[in-house]
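Architecture and fold: a report
Here are the chains, one letter per residue:
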Amino acid sequence: MEGGVFESFFLIFCGAAVVASVALYTRQPLLVAYIAVGAILGPFGLEIIKDVHYVAEMSHIGIIFLLFLLGLDMQPSALLNVLKKATSIALISSAIFGALGYGFGVIIGFSHMESLVLAMASMFSSTIIGIKLLPTTVLHHKHSGDLMVGLLLFQDFIAILCLLVLLSGGGDTVEPMKLIKAIAALPLLAAGAFLFVRFVLLKLIQKFDRFHEYIFLLAIGWCLGLAHLSESVNLSAEIGAFIAGISLATSPISQYIALNLRPLRDFFLVLFFFALGAQLNIPLLPSVLLPALIFAAVILAAKPTVFFLLLKQQSEKTSLAWDLGFRLGQISEFSILIVFVAATNNLIGEQASLLIQTTAILTFIVSSYIVIFNFPNPIAVSDKLRRD
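Here the structure is a predicted model, which means the values were calculated and not measured.

In this section: the overall build of the chain. Counting its secondary structure elements, the chain contains 16 helices and zero strands. Scaling as 2.2 N^0.38, a compact globule of 388 residues should have a C-alpha radius of gyration of about 21 Å, and the chain matches this with 20 Å. Overall size of the chain, expressed as C-alpha extent along the three principal axes, is 60 × 45 × 45 Å. Counting only residues that meet the buried cut, the chain has 53% of its 388 residues in that class. Counting contacts in the chain only where the partners sit at least 6 residues apart, residues at least 24 apart contribute 78% of the total. Element-wise, carbon and sulfur atoms account for 68% of the exposed surface of the chain, whose accessible area totals about 16700 Å². The averaged location of the 22 negative side-chain charges in the chain is 14 Å from the averaged location of its 21 positive side-chain charges.

Here you go:
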């Protein structure tokens, strides 16, 4: 990073603090403030921070901790029940949004491969936006929270399969062994994690639970270790982190770990949104702004409607169906990763890459506004809607 790590962190967090203060005074979402700081300070803005590669790498840790904390608060039996209900909704909605993305790509003149990548990027909703804007009491103790987590996790697994398709053979051919390895690795990783926790980790926790620093270190090591192992077997770090968390969920110390890791998670999530804004190529933005605005509008209208109809078919209440629909009404952070992989493999051009990134940021921002001003959430500017 230009100017050294310390100077970059100083600029990022001081800048975020200033802009966040302005955002709160003007009743704007904090997530928008973080993205704005990235766009202003980044290489396409004032160029104060010219290299955001390391920031983007570190910000990924925030998503990993987010999934780890989710796992800590969900019992394995509850997860199995909610996945049964979420599977059909996730599959049908992903197919609809994928078709929507592919069709839009064809209409605006993208190649077959670019349209296919746009389809993949359109299929999923943001884990970060969905979870960060859901009140903790809802997330961990109510049916709607369980259902959202189930949908997002199933979408993440579909996204991993899409990434494997892009990574295996440059998009023209698919290496089936990579896909088979990933699918087979999931139950083996979960079983190994539960056995390790039962026979090793819990015994260490029971023996040294009075050393709080050791428990904190052990939790971070377990989270990042299983996340890395998950990546090495063609799964994602996010899925590994979630398995690490849920394997510890039955431990009496799980809530202590969750409470102490939340500030660390928030630290890295600030970096994530900063990196998102900093990587937006502002000079080229006018060339894709109109189609990006149109497609963002299509996504923001279609996703809540489709989720509402599918949830109503599952006999969910109307209020819950609309609530979850709007909370899932954006493109996922996986879209950015899909774009990066596709661009690295020369599967899409710069214009297609920028359009998807711009659409993702637009849907992040507008979806955040919709939720923050209309539904209960932890960072609402209105006291009436603020819940945690």
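So, on to the packing of aromatic side chains. Throughout the structure, instances matching the rule amount to 15 aromatic pairs. Geometrically, the ring pair formed by Phe208 and Phe211 is tilted, given 6.4 Å between the ring centres and 50° between the ring planes. Accessibility expressed as a relative area gives 28% for Phe208, which makes it partly exposed. Judged by relative accessible area, which is 40%, Phe211 ranks as partly exposed. Ring geometry for Phe272 and Phe273: centres 5.2 Å apart, planes at 80°, overall edge-to-face. Judged by relative accessible area, which is 10%, Phe272 ranks as buried. Put simply, the rings of Phe9, Phe13, Phe65, Phe267 and Phe268 pair up and form one aromatic cluster. Sitting over the ring of Phe97, Lys303 keeps its end group 4.9 Å from the ring centre.

Right, let's get into the pattern of salt bridges. Following the criterion strictly, the structure yields one salt bridge and no others. Note that Asp323 is salt-bridged to Arg327, the shortest N-O span being 2.6 Å. In this pair, Asp323 and Arg327 both sit in helix 14 (residues 318–327), four residues apart, roughly one turn of the helix. Each member of the pair Asp323 and Arg327 is classed as buried.

Further remarks concern the side chain of Asp323. By relative accessible area, which is 16% here, Asp323 ends up buried. A polar side-chain atom of Asp323 sits 2.6 Å from a polar atom in the side chain of Arg327.

Counting residues in hydrophobic clusters, the biggest one holds 126 residues, and the most contacted among them are Phe68, Trp222, Leu248, Ile257, Phe273 and Phe274. Those residues in contact with Phe68, other than ones at most four positions away along the chain, are Ala219, Trp222, Cys223, Ala241, Phe242, Ala244, Gly245, Leu248, Ile257 and Leu261.

On to helix 11 (residues 237–248), then. The end-to-end C-alpha separation of helix 11 is 17 Å, in line with the 16 Å expected for twelve residues at 1.5 Å each. Burial within helix 11 is extensive, with twelve of its twelve residues counted as buried. Looking only at helix 11, the buried set comprises Ala237, Glu238, Ile239, Gly240, Ala241, Phe242, Ile243, Ala244, Gly245, Ile246, Ser247 and Leu248.

A contiguous nonpolar patch, built from Leu100, Leu290, Ile294 and Val298 and spanning about 310 Å² of accessible area, is present on the exposed surface. No other element matches the three residues that helix 13 (residues 285–313) contributes to the nonpolar patch. Structurally, Ile294 can be placed in helix 13. What makes Ile294 partly exposed here is its relative accessible area of 41%.

This brings us to the packing of helix 2 (residues 30–41) against helix 16 (residues 350–374). Describing two packed helices takes the angle between their axes plus the distance from one axis to the other. Where helix 2 meets helix 16, the axes come as close as 9 Å, and the angle between the chain directions of the two elements is 150°. As far as their axial angle goes, helix 16 and helix 2 are roughly antiparallel. From helix 2, Leu31, Val32 and Ile35 reach across to helix 16, where they touch Ile361, Ile365, Ser368 and Tyr369. Taken together, the residues of the contact of helix 2 with helix 16 sort by class into six nonpolar, one polar and no charged.

This paragraph deals with unusual backbone geometry. If you check the backbone angles, Glu47 has positive phi at about 60° while not being a glycine. Inspection of the secondary structure puts Glu47 in the loop between helix 2 and helix 3 (53–72). For Glu47, a relative accessible area of 44% corresponds to the partly exposed category.

Its location among the elements puts Ser93 in helix 4 (residues 76–107). On the basis of relative accessible area, Ser93 is assigned to the buried category, the value being 0%.

Turning to the environment of Ile158, a few remarks are in order. Within the fold, Ile158 resides in helix 8 (residues 143–167). Taking the C-alpha atoms as reference points, Ile158 and Ala90, 68 residues apart in sequence, are found 9.0 Å from one another. Not counting the four nearest positions on each side in its chain, Ile158 is found in contact with Ala90, Leu91, Ser94, Met123 and Phe124.

Reading the values: rules and limits
Counting restarts for each chain, with residues numbered from 1 along the sequence as it is written. For this predicted model, a pLDDT threshold of at least 70 governs which residues receive local features, and a threshold of 80 or more governs which side-chain atom pairs are given and counted, while totals over whole chains, interfaces and linings are taken from all residues. Derived side-chain values reflect all non-hydrogen atoms in the structure, with water molecules and hydrogen atoms excluded from consideration. Secondary structure counts use DSSP, requiring at least four H or I residues in a row for a helix and at least two E residues in a row for a strand, with both numbered from the N terminus. Radius of gyration here is computed from C-alpha atoms only, and the compact-globule reference equals 2.2 Å multiplied by the residue count raised to the power 0.38. Residue exposure (1.4 Å probe, protein chains only): buried if accessible area is under 20% of the type maximum, exposed if over 50%, otherwise partly exposed. Whether two residues touch is decided by their heavy atoms; if any such pair falls within 4.5 Å, the residues are in contact. Residue exposure ignores everything except the shown protein chains as possible cover, and the areas themselves are Shrake-Rupley values with a 1.4 Å probe. Neither His nor the chain ends contribute to the count of charged residues, in which Lys and Arg are positive and Asp and Glu negative. Charge coordinates come from a single atom per side chain, which is NZ of Lys, CZ of Arg, CG of Asp or CD of Glu. Aromatic pairing here means that ring centres of Phe, Tyr or Trp (its six-membered ring) are within 6.5 Å. Orientation follows from the plane angle: under 30 degrees is stacked, over 60 is edge-to-face, and everything else is tilted. Geometrically, a lysine NZ or arginine CZ counts as sitting over a ring once it is within 6 Å of the ring centre and also within 35 degrees of the ring normal. Salt bridge, as used here: a side-chain nitrogen of Lys or Arg that lies within 4 Å of a carboxyl oxygen of Asp or Glu. For this analysis, a polar contact is any N or O atom pair within 3.5 Å, provided that within protein one partner can donate a hydrogen and the other can accept it, and provided that sequence-adjacent residues contribute only side-chain to side-chain pairs. Definition of nonpolar core: a set of buried residues of the types Ala, Val, Leu, Ile, Met, Phe, Trp, Tyr and Cys, connected through side-chain atoms within 4.5 Å. Expected span of a helix, by definition, is 1.5 Å for each gap between consecutive residues, and there is one gap fewer than residues. In this scheme, patches are assembled from residues that exceed 30% relative accessible area and form no salt bridge. Like charges are connected within 9 Å, while nonpolar side chains (Val, Leu, Ile, Met, Phe, Trp, Tyr) are connected within 5 Å. Here the axes come from fitting lines to C-alpha atoms, over the contacting stretch only for helices, and the angles between their N-to-C directions go from 0 to 180 degrees. If an angle is under 35 degrees, it is roughly parallel; if it is over 145, roughly antiparallel; if it lies from 65 to 115, roughly perpendicular; otherwise it is oblique. Here the nonpolar group is Ala, Val, Leu, Ile, Met, Phe, Trp, Tyr, Cys and Pro; Asp, Glu, Lys and Arg are the charged ones; every other residue, Gly included, is treated as polar.

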